[in-house]
Each structure stands twice: as C-alpha cells, then as structure tokens.
Amino acid sequence: MSSTMDKARQVMEETSEDRETRKAGDFHKAEQDLPKDIGSRSNIPTMDRVTSYLGEHNPLAKSVDPETEEVWLLDNTAYRPVSNGSDASQTFHAEFIAAYFKKNTGTDVSKTVADIADKIGLGKDDGLDKGSAEKTIAKRLEPFVQTIAPARSVDVKLPSGTTHKLGPGGRSAISSDVIADMTAHANGSSATTTAIPQTLTPHGPMLTHYADPDGWAVISDIDDTTKITMTPSPIGILRSTFVNDFAPIPGMPDLYTKINASLAPTWFYLSASPYNLYPFLRSFLHTHYPPGTTILRDASWMDLGGFLASLTKGTEAYKRDRIEKIHTWLPKKKVLCVGDSTQTDPEAYGDICRKWPGWVKAVWIRKVTDVAEMEGTDKNEESRFEKAFKGVPRSVWRTFERAEELGEAVGGLRGL
C-alpha cells in the first residue's frame, strides 16, 4: 500500500477516541506547522515511479544497486500453518518484508532540524545542549528524508543456505513475500537471513523467530506501553522521538523478563509508528526487552507532516488488522495483549477478544496519568474500558498504572 493510500485510510478509520486525542493535543495545528515533503523525489527515475504501481508484478523492476542503494530487512516470525492434518507435518512459513532506499540522500536536513528545534522550543529552559540535541535530531531525521527506491528487488540467503529473491517493492518501496518450506528450527530460536551482498543492509541481517503452533504469544504495544513517547502530546512525541534518549516505561523491562521466563512466549511488538523509525525502535527493543518481531505502520515515507497523524489516526483499525494477521499465523496460541490508554489499544483488543473468544487469555492496559493532555478526557475512565471490553469476561482484562502491580498476574497466566 502506498503512504498516500494509507493516509486516506487513516482519515476514513479515525474513531471518536482518535478525535478526542487529537483535539486535546491540538494535533492539526502541529501537523500544519511541520514540513510535509522533506525528501527529494526527483531522485526517483520516472520509469520506477510509473512501474511501481504494478507492485510485485512489475516486469521492469531491477535488482538493488549496491553502489547507490540499500535495503532494510525487517525481523519476522516463522510459523507452521494450521491445517486439518498434524501441525508437526507443516513446514515453516514466514512473511519477509524489505524496504529499499537510495544511499546518501538524507543528509541535507538543516532546515528541517531547525523547524523541529523551533517547534519543541529546544534550548529554552530544558537543560539540553542545543548543538548536541540538533545532531541527534539530524541523525533520527535521516530515515524520513532518505529517498525511497521503488521497483527494486534483492537476493537474500535464507537460514537454510538457499537463495531467494525478495520483491519488487511497490510505490512505498516496501516488498512483502511469504516464503514456505523453511528449514525447521526449535520453538523460540532465531536464525538470520542476509542480503547478497551483506553490505546492502546497513542495519544488519534479518532475524527470524520460530514459533510452534501451541504455547503462548505476547502482543505488546510500544509507545507509552514499553517506551516513553507521550503520545497524547504532539510536542511530547517530537521530543521523545527526535531529541531524548529512547527510555523504557519504568518497571516494564523487568515485567517482560518475568513473563518471558514464565511463559516462553513468541513476542510481537505492534506500534502505529511509521517504518521510518524501525532502526531506532529495533535497537531500543533489543536492548530492553525479549527478542521478537516489530510491526510498524507503512506510512509517512519522506513526509514528516504525516508522522503525528500516523500515531493518532485510524490506530484501532490498523492494530486490529495486524492482530488478525497474527491470528492467521498462530490461531492455537494463548495470547496476552498489553497496551495503554493513550491510543485505542482497549478498543482494538476488545474487538479481537469478541471476534475470537478464548484466543486472548488476558489483556493488560496501562493507564497513562503523567501526560497533561490526558486531563479532561475520558481516556482513563472506567466507563471507557467497560465499553471497549463489552461482552468480554471481566476476568480477562484489567488496568494498571505501575508494572509492579502485575507480579501475581504473571504467575496466574500459567494456569490458563
């Protein structure tokens, strides 16, 4: 899907919860003040722009040029499709996602850095060194201004040692390929897929996490669930994304470590953040949380003005769609969903609980109380949660403010 189509869908799928968040934070004004098109589309050949509409069926697509282009290989999960036969007889399948870029096209960001610095009031009684902070902004902006490379494909070496061609990418320069008959690995283990040549991937090889049909899976939100983002505040989002060190929510790394030790689950980290942030979020999650697959939104390439909208529009439908895909992969798993009250996690998780009763065994929602824009809304009201989880047994879902409240709840999952 192109980022333009995704943005149109965001508008159509915007909920009352989204509108309340955006109104309280005055998101529309913030988005109007941010640059809309900060990459150079003139670097994309006309033929590539035109033929990219054909997506994976593009007969004129080309292989990535190692001299001028690069590829991001996104971590994934290998699963055994469930059929009428024995699960053990099924070979592993996995969805392989790759993103394609032009090299060295995201370096001229001085004006955009200045725009962001001005927007967040950088250097005004915040105790930050302005020069150092501006360097951080410039570094994190690079994926937003780097020119995409549509109509490209890449050869990769799978964990089995065989070679496979991924792509070509479509209008957003992202390709998706489902590969079957993958070499079997033990549940919970990981294996690497590398680009050919390996120098094509500046962020390293892809990690494939292997998951058996049974056992547990955790589907966790990222922003304001595992990572401090301050989603209800446009200025908070800009600061936490482009200036501040990525920081975990206090207590959540320890909680996830306990869950991992107790349940040995398959981990999915699901966020409405755009894929531009993948390298930074991947590094953050690898540092603080159990290994797993990070699922982000295909939107906002070369468009900083759409970044805030990506986090605040149509999030319920987006997350529901991605969780439904996980269900097609792992319908026999026992699932724990963890989210927060800033976006529409309660509503999305409630929808999933009602659609597949019994698949989700527990839902934990963090009540975010330390962001000013949450005041005066019903985001943390019990009535909101009761509505979101209408028809879902009360024993399945709960709210919390501090991770330490969930110590006993972790032990209780083992008996489900």
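For the structure given in this document, a descriptive report is provided here.

Rules of the game
Position numbers for residues start from 1 in each chain and track the written sequence from start to end. Selection of residues for local features in this predicted model requires a pLDDT of at least 70, selection of side-chain atom pairs for listing and counting requires 80 or more, and totals for whole chains, interfaces and linings are taken over all residues. Side-chain numbers here rest on the full set of heavy atoms in the structure, without hydrogens or water. The rule for pairing is simple: two strands pair if DSSP sees at least two bridges between them. Secondary structure elements are taken from DSSP: a helix is a run of H or I of four residues or more, a strand is a run of E of two residues or more, and numbering for both begins at the N terminus. Orientation is described by axes fitted as lines to C-alpha atoms, over the contacting stretch for helices, and by angles from 0 to 180 degrees between their N-to-C directions. Throughout, a residue-residue contact means that at least one pair of heavy atoms, one from each residue, lies within 4.5 Å. Our angle categories are set so that under 35 degrees counts as roughly parallel, over 145 as roughly antiparallel, 65 to 115 as roughly perpendicular, and the remainder as oblique. For this classification, the nonpolar set comprises Ala, Val, Leu, Ile, Met, Phe, Trp, Tyr, Cys and Pro, the charged set comprises Asp, Glu, Lys and Arg, and every other residue, Gly included, is treated as polar. Put simply, two rings from Phe, Tyr or Trp (the six-membered ring, in Trp's case) pair if the centres are within 6.5 Å, and we call them stacked under 30 degrees between planes, edge-to-face over 60, tilted for the rest. Categorising residues by exposure relies on relative accessible area from a 1.4 Å probe, with only protein chains included: less than 20% of the type maximum marks a residue as buried, more than 50% marks it as exposed, and the intermediate range marks it as partly exposed. Here, a charge over a ring is recorded when the distance from Lys NZ or Arg CZ to the ring centre is within 6 Å and its angle to the ring normal is within 35 degrees.

**A word on the sheet that holds strand β10 (residues 216–221)**
(1) Moving on: Taken in spatial order, the 6 strands line up as β12-β11-β10-β13-β14-β15 in an open sheet, and their pairing is parallel. Edge positions in the sheet fall to β12 (293–297) and β15 (397–400), since each of these pairs with one other strand and no more. On average, each strand axis in the sheet is tilted by 20° relative to the strand beside it, whichever way the strands run.
(2) Moving on: Looking at chain direction, strand β13 (residues 334–340) and strand β14 (residues 360–366) are connected through 6 bridges and run parallel. Counted as the bridge partner of valine 335 is valine 360 from β14.
(3) Moving on: Contacts between helix α8 (residues 252–263) and the sheet are confined to β10, β11 (266–274), β13, β14 and β15, with β11 contributing the most and set at about 145° to the helix.
(4) Moving on: Docked against the sheet, helix α12 (residues 345–355) engages β10, β13 and β14, running at close to 170° with respect to β14.

**Description of the packing of helix α6 (residues 130–145) against helix α7 (residues 234–242)**
(1) Moving on: With their axes 9 Å apart at the nearest point, α6 and α7 run at an angle of 95° to one another. With respect to α7, the element α6 is oriented roughly perpendicular. Along its contact with α6, which presents Thr136, Ile137, Arg140, Leu141 and Phe144, the element α7 presents Ser240, Thr241 and Phe242.
(2) Moving on: Of the residues belonging to the contact of α6 with α7, the class tally is 4 nonpolar, 3 polar and 1 charged.

**Some points on the packing of aromatic side chains**
(1) Moving on: Inspection of the entire model under this criterion finds 15 aromatic pairs.
(2) Moving on: With a centroid separation of 5.3 Å and 65° between ring planes, the pair formed by tyrosine 256 and tyrosine 289 is classed as edge-to-face. Of this pair, tyrosine 256 sits in helix α8 while tyrosine 289 sits in the loop between α9 (278–288) and β12; the two residues are 33 residues apart in sequence, bridging distant segments of the chain.
(3) Moving on: Since its relative accessible area comes to 5%, tyrosine 289 is described here as buried.
(4) Moving on: One aromatic cluster in this structure is built from Phe246, Tyr256, Trp267, Tyr269, Phe284 and Tyr289.
(5) Moving on: Positioned above the aromatic ring of phenylalanine 246, the side-chain terminus of lysine 227 is 4.6 Å from the ring centre.

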